[in-house]
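Chain by chain, the residues run as shown.
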Amino acid sequence: LLLSGTAWADTECNVPVANWQSREALRKQLEQQGLQVQRIKVDDGCYEVRGVDAQGNRFKAKYAPDSLKALKMET
């Protein structure tokens, strides 16, 4: 997992909604990586995810809604 100590406000996604992948696609991707997803919401145009990793650590992450690429993650 990537760790980031920078401020969350630095990350904004400027992707048209028509290009977004679904929350369920993101949930499936994360579950395949062994992560338990507790919540997915939209924040600053990005998906914000909260959950638990395989070691039982809580995490918070931001993902690009079009590519579902992790932009920031902290545990």
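Predicted, not measured: the structure shown is a model, and the values here were computed from it.

Considerations on the state of the cysteines
Reasoning step 1: Under the defined criterion, the tally for this structure stands at 1 disulfide.
Reasoning step 2: Each sulfur in the disulfide pair C13 and C46 lies 2.0 Å from the other. Taking the sign of the torsion about the S-S bond as the criterion, the disulfide between C13 and C46, at about 100 degrees, is right-handed. Within this pair, whereas C13 is found in the segment before α1 (23–32), its partner C46 is found in strand β2 (residues 46–52), the two being separated by 33 residues in sequence.
Reasoning step 3: Its relative accessible area of 10% is what places C13 among the buried residues.

Section: the nonpolar core
Reasoning step 1: Membership of the largest hydrophobic core is limited to 12 residues, which are L26, L30, L35, V37, I40, Y47, V49, F59, A61, Y63, L68 and M73.
Reasoning step 2: When residues of this core are assigned to their parent elements, the largest contribution, 3 residues, is made by strand β3 (residues 58–63).
Reasoning step 3: Look past the residues within four positions of L30 in its chain and what remains in contact with it is L35, V37, V49 and Y63.

The rules behind each value
Residues numbered from 1 in each chain as written. Predicted model: local features only at pLDDT ≥ 70, side-chain atom pairs only at ≥ 80, totals over all residues. Heavy atoms only, no water. Disulfide = S-S within 2.5 Å. Helix = DSSP H or I, 4+ residues; strand = E, 2+ residues; numbered from the N terminus. Buried < 20%, exposed > 50% of the residue type's maximum accessible area, 1.4 Å probe, protein only. Core = buried A, V, L, I, M, F, W, Y, C linked by side-chain atoms within 4.5 Å. Contact = heavy atoms within 4.5 Å.

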